[in-house]
Amino acid sequence: LRILGIETSCDETAAAVVLRHPDGRGEILGDVVLSQLDEHSPYGGVVPEIAARAHVDALDGLIREALARADLPLSGVDAIAATSGPGLIGGLIVGLMTGKAMARAAGKPLYAVNHLEGHALTARLTDGLTFPYLMLLVSGGHTQLVLVRGVGDYVRWGTTIDDALGEAFDKTAKLLGLPYPGGPAVEAAALSGDPKRFAFPRPMVGETRLDFSFSGLKTAVRQAAEGLQPVSEQDVSDIAASFQRAVSRTLEERIGRGLQRFRDEFPAFEGRPALVVAGGVAANKALRQTLLDLCAKNGFDFVAPPIRLCTDNAVMIAWAGLERMAAGLPADPLDVQPRSRWPLDAGAQALVGYGK
Ligand code: ATP
Ligand code: MG
Ligand code: FE
């Protein structure tokens, strides 16, 4: 089975062709991503209207390029998968309508894919994981700990009650006068900082429910910066390092609790269970190390797909479509609507589950 995937939910326009071998292995035949970073960086964040226009400009060319790299005409794919939510509605309309038009013109089935399902299933393409496993998604728009039980069968164990983790990095960077996107800038500044100089809060730590909260941390960063006028380069580094340490410790406790819950829920699990990370924040080396150590301590495998497949891309959308096809899930009708909000566990159906 070969499928064309389209992703336009945020600030990356992407198209990919992925093949699923009969034995279940996946193979990426063509993969192109165009980041709109340069268009949004003057504004310090993603501007929805600019994003939608940029998707319109870029998408056709990227689809052509993905097919060319796969050396296939449109008639050579078996289906089309397009992200239909959650995300910025303008971008979703562009990608989903393009997918619908192509599906109609080529007479192929259309799969309207949940962007989060793409992130959740990527590790099965890259690492051949079997169900169930835990997935931590940490990006600019999402912070979720999800139990992945099967294709179409997800349980959200925790989510952020305010800012996403990537957003917290971006806002912290802005407060410190560092460039957008904030994650890489904060990480770089933290390298030469003292992580113990500021005792920043660790929201939600100790709570039994597995949610996250990062807006208090941002406020603490602002107060620390305001208390130091002028703020020297060393101060910036110290705040960045202290912020990253607070995030690290928070994740350690929150995710540690999640690993324990997994053990409780699957007492008969054979072998080593896995924690998968996804999202742009997964690029952070300090946080990766924290999660790696935590997993090692708890007997979990730590699975981090290549960053290119952790951040937004169309390979994961194509792959989610392939997984749905292989699981015998029906294609979507051509009047399917994009959804800016679409929780992963809404209306989930178990089709390929634990033990299969
Ligand atoms: P969505 O949330 O809809 O999937 P997004 O575009 O916001 O989309 P990604 O592209 O996956 O998400 O990730 C971007 C986020 O990752 C930004 O908030 C950025 O600051 C953060 N990020 C990138 N690199 C790092 C890093 N080294 N450390 C911390 N955060 C990082
Ligand atoms: Mg992005
Ligand atoms: Fe994403």
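Since this is a predicted model, take the numbers as computed values, not measurements.

Quick look at the UniProt feature "binding site: substrate" (unreviewed entry) in the chain
What UniProt calls "binding site: substrate" (unreviewed entry) maps, in this numbering, to Leu 137, Val 138, Ser 139, Gly 140, Gly 141, Asp 170, Gly 183, Glu 187 and Asn 284. Inspection of the secondary structure puts Ser 139 in the loop between strand E6 (133-138) and strand E7 (143-150). Discounting chain neighbours no more than four positions away, the residues touching Ser 139 are Ala 164, Gly 166, Gly 279, Gly 280 and Val 281. Secondary-structure assignment places Asn 284 in the loop between strand E9 (274-278) and helix H9 (285-298).

Details of the sheet that holds strand E5 (residues 110-114)
If you trace the five strands from one edge of the open sheet to the other, you get E3-E2-E1-E4-E5, paired in mixed fashion. Every interior strand has two partners, whereas the edge strands, strand E3 (26-35) and E5, have only one. Averaged over all pairs of adjacent strands, the angle between strand axes in this sheet comes to 20°, irrespective of strand direction. Sheet topology note: the strand E1 (residues 2-7)/strand E2 (residues 12-20) ladder contains six bridges and is antiparallel. Bridge assignment links Leu 4 to a residue of E2, and that residue is Val 17. Strand contacts of helix H3 (residues 89-106): E1, strand E4 (79-85) and E5, with the helix running at about 155° to E4, the strand carrying the most contacts. Sitting on the sheet, helix H4 (residues 115-127) touches E3, E4 and E5, and the angle it makes with E5 is about 95°.

Points about H9
End to end, H9 covers 20 Å across 14 residues, agreeing with the expected 20 Å (1.5 Å per residue, within 8%). Listed as buried for H9 are Leu 287, Thr 290, Leu 291, Leu 294 and Cys 295. Buried residues along H9 cover an arc of 130° about the axis, so they all sit on one side. Residues Lys 285, Gln 289, Asp 293, Ala 296 and Lys 297 are exposed on H9 and point more than 90 degrees away from its buried face. Where the residues of H9 are buried, they touch helix H8 (233-265), E9 and strand E10 (301-303). Just beyond H9, the residue with positive phi is Gly 299, at close to 75°.

Let's talk about the site of ligand 1
Around ligand 1, a shell composed of 24 residues is seen, among which Gly 140, Gly 141, Gly 166, Gly 183 and Gly 280 lie nearest. The set of elements that each furnish at least two residues to the shell around ligand 1 consists of helix H5 (165-175) and helix H6 (182-190). Considering only residue class, the shell around ligand 1 consists of six nonpolar, 13 polar and five charged.

Section: the confidence of the model for the chain
For the chain, per-residue confidence averages 95 on the pLDDT scale, and 97% of positions sit at 70 or higher. Confidence drops under a pLDDT of 50 for residues 348-356, and excluding neighbours within four residues, the segment shows 26 contacts in the predicted structure.

Some words on the pairing of E6
Residues in a regular strand point their side chains to alternate faces of the sheet. Counting buried residues along E6, six of its six residues qualify, which places the element largely inside the surrounding structure. Here E6 hands over to E7 after four residues, the two strands then running antiparallel side by side.

Thoughts on the UniProt feature "domain: Gcp-like" (unreviewed entry) in the chain
Taking the numbering used here, the UniProt-annotated feature "domain: Gcp-like" (unreviewed entry) corresponds to residues 27-319. For residues 27-319, the end-to-end C-alpha separation is 9 Å, with 50% helix and 17% strand making up the annotated structure.

Considering the nonpolar core
Ranked by internal contacts, the top residues of the largest apolar core, which has 106 residues, are Ala 15, Val 17, Ala 66, Ala 81, Met 135, Val 146 and Ala 318. Here the element with the most residues in this core is H8; it accounts for 10 residues. Apart from residues no more than four positions distant in its own chain, Ala 66 is found in contact with Leu 4, Ala 15, Ala 16, Val 17, Gly 30, Asp 31 and Val 32.

Examining unusual backbone geometry
Residues Tyr 180 and Pro 181 are joined by a peptide bond in cis, for which omega reads 0°. Along the polypeptide, Pro 181 turns up in the loop between H5 and H6. Here the amide bond leading from Gln 229 into Pro 230 is cis, since omega sits at 0°, within 30 degrees of zero. Locating Pro 230 in the fold gives a position in the loop between helix H7 (215-226) and H8. A positive phi angle is found at Asp 71, which is not glycine, with a value near 60°. Topologically, Asp 71 is positioned in the loop between helix H2 (48-70) and E4. Asp 71 sits in the exposed class, given 10 other C-beta atoms within 10 Å. Within the chain, Met 204 stands out as a residue other than glycine whose phi angle is a positive 75°. Topologically, Met 204 is positioned in the loop between H6 and H7. On the basis of neighbour counts, which here come to 20 C-beta atoms within 10 Å, the residue Met 204 falls in the buried class.

Reading the values: rules and limits
- Residues numbered from 1 in each chain as written.
- Chains lettered and ligands numbered in written order.
- Predicted model: local features only at pLDDT ≥ 70, side-chain atom pairs only at ≥ 80, totals over all residues.
- UniProt positions renumbered as here; feature names shortened; annotations may be inferred.
- Helix = DSSP H or I, 4+ residues; strand = E, 2+ residues; numbered from the N terminus.
- Contact = placed C-beta atoms within 7 Å.
- Pairing = 2+ DSSP bridges.
- Axes fitted to C-alpha atoms, helices over the stretch in contact; angles between N-to-C directions.
- Expected span 1.5 Å × (residues − 1).
- Buried ≥ 20, exposed ≤ 12 C-beta atoms within 10 Å, placed from the backbone.
- Arc of directions from axis to C-beta.
- Near = placed C-beta within 6 Å.
- Nonpolar A, V, L, I, M, F, W, Y, C, P; charged D, E, K, R; others polar.
- pLDDT = per-residue confidence, 0-100.
- Core = buried A, V, L, I, M, F, W, Y, C linked by C-beta atoms within 7 Å.

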